[in-house]
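Each chain, written out:
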Amino acid sequence: MYELAVIGGGPAGLAAALEAYNNGLRKIVIIERDREPGGILNQCIHNGFGLHRFKEELSGPEYAQRYIEMLDGTAVEVRLDTMVLEITPDKKIFTATPGGYEMIEAQSVVLAMGCRERTRGALSIPGARPSGVFTAGAAQRYLNMEGLMAGSRAVILGSGDIGLIMARRMTLEGAKVLACIELMPYSGGLNRNIVQCLHDYDIPLYLSHTVTEIRGKSRLEGITVAKVDENRVPISGTEIDFECDTLLLSVGLIPENELTRAAGIKIDGRTNGSEVFENMETSANGVFACGNAVHVHDLVDFVSDESARAGAAAAGYVKGERHCGDISVFENGYGVSYTVPQKLHGDTKSEKINLFFRVNKVYGKSKIIVSSGDTEIATFRRQFMIPGEMQHIVLPTEKLKGFGRITVSTEGEEK
């Protein structure tokens, strides 16, 4: 029996396993369905990774390699090309491998499966179904790992970070990127990617627009885009036609949680990820979750930090640490879409709580308010907040004790 089984060998799984090893566990296994560790980082050849974690700018593969090298020489076992089919409440893990069907038992489990992209089927775009419509991540893998171009004239639907980065990547490889189309009145990606991937290459960004028609038989021939009103309904007479052979979809990421649901672990309807405590423990004792399987992150550095907490907590669980007593619940108030963690153990040994959330409005000068009923616990001032950038605040645990329900809200200059 293993002390810890980590499901997923991407940045979250690697960081969790390393931290568990550093906290004394020796029988650790990482289970990864791909042929090599590193996860999505392997296809992210652009730079911008590692500034927080390693204090230098790395590409995705370089960032993953740092963790792979740190795990080399340890007793951590890595099982590649292994698909997890089921996790039971008593921590039995059923897998399919090239060698057949296998069951693995562990004292603790870390869920680090990452996330997946929303596809065209979730968007209800009318029109034919020709080839040439890809998710941005699929096009990225084709180009960066397989050496295949998705097309020569492209439009990006959605302004998520992967779509923005692919607008630049395809331009550098000789494609003509005609436009980036965003349904919301604000971008869903980091501001630095708007500047570096669109503005620097004169690619227009159409906010409050969406695709209303797809044309083409065997291959995409063109699309129609229209402006939308405040209810996101297309406005007649505002249509713009684009002749293109490629449409890339960058319309959101969803935590990969089929295994989590099947195991009976509570899911947060706001994030579609696991509900977790401050130590990243889920509703199942001894089962922890981290990274994009909990909520979609902007920066891999934050994934690594969060996953290290999960790995340390899993090591503590194996050594006999248990929590009991009062539980505090974090709730989202005005202007906030969700909070992670969702719960706080009353007997936690953590001196501070790292709280992450996203706003659902664009703010100028504003403040974050942490309160319980009429009691204001803490406030944090911000010069600028947008939905595309995850917010992070640190709360002293002592300030939170005695409050059953804690609300995080915002107020300030809305744009």
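For the structure, check the block above.
Keep in mind it's a predicted model, so treat the numbers as computed, not measured.

### Some points on the pairing of strand β5 (residues 92-97)
On a regular strand, one side chain projects to one face of the sheet and the next to the other, so that they alternate. Of the pairings in the sheet, the one linking strand β4 (residues 83-87) to β5 comprises 4 bridges and is antiparallel in character. What sits directly across from V84, in β5, is T95. Counted along the chain from β4 to the antiparallel partner β5, the turn is 4 residues long, and its residue K91 has a positive phi close to 65°. Where β5 and strand β6 (residues 100-111) come together, 6 bridges link them in antiparallel fashion. In the strand pairing of β6, T95 is matched with E102. From the end of β5 to the start of β6, which pair antiparallel, there are 2 residues.

### Quick look at a nonpolar patch on the surface
Together, M83, L85 and Y101 line one region of the surface with nonpolar side chains, adding up to about 340 Å² of accessible area. Along the chain, the position of Y101 falls in strand β6.

### Section: helix α1 (residues 11-22)
End to end, α1 covers 16 Å across 12 residues, agreeing with the expected 16 Å (1.5 Å per residue, within 8%). Counting buried positions along α1 yields 10 of 12 residues, so the element is predominantly enclosed. Taken together, the buried positions of α1 are P11, A12, G13, L14, A15, A16, A17, L18, A20 and Y21. Each element contacted by the buried residues of α1 is listed here: β1 (2-7), β2 (28-31), α2 (60-71), β6 and α7 (300-318).

### Some details on the packing of helix α3 (residues 136-146) against helix α4 (residues 161-172)
Packing of α3 against α4 brings their axes to within 9 Å, and their N-to-C directions diverge by 40°. One way to sum up the angle between α3 and α4 is to call them oblique. α4 is crossed by α3, and the crossing has left-handed handedness. Two secondary-structure elements touch here, α3 through A136, G137, A139, Q140, L143 and N144 and α4 through I162, G163, I165, M166 and R169. Each residue belonging to the contact of α3 with α4 can be placed in one class, and the counts come to 6 nonpolar, 4 polar and 1 charged.

Calculation criteria
Residues numbered from 1 in each chain as written. Predicted model: local features only at pLDDT ≥ 70, side-chain atom pairs only at ≥ 80, totals over all residues. Heavy atoms only, no water. Pairing = 2+ DSSP bridges. Helix = DSSP H or I, 4+ residues; strand = E, 2+ residues; numbered from the N terminus. Patch = residues over 30% accessible without salt bridge, like charges linked within 9 Å, V, L, I, M, F, W, Y side chains within 5 Å. Areas by Shrake-Rupley, 256 points an atom, 1.4 Å probe, with all protein chains shown as cover. Salt bridge = Lys/Arg side-chain N within 4 Å of Asp/Glu carboxyl O. Expected span 1.5 Å × (residues − 1). Buried < 20%, exposed > 50% of the residue type's maximum accessible area, 1.4 Å probe, protein only. Contact = heavy atoms within 4.5 Å. Axes fitted to C-alpha atoms, helices over the stretch in contact; angles between N-to-C directions. Parallel < 35°, antiparallel > 145°, perpendicular 65-115°, else oblique. Left-handed = near helix turned anticlockwise from the far one by under 90°. Nonpolar A, V, L, I, M, F, W, Y, C, P; charged D, E, K, R; others polar.

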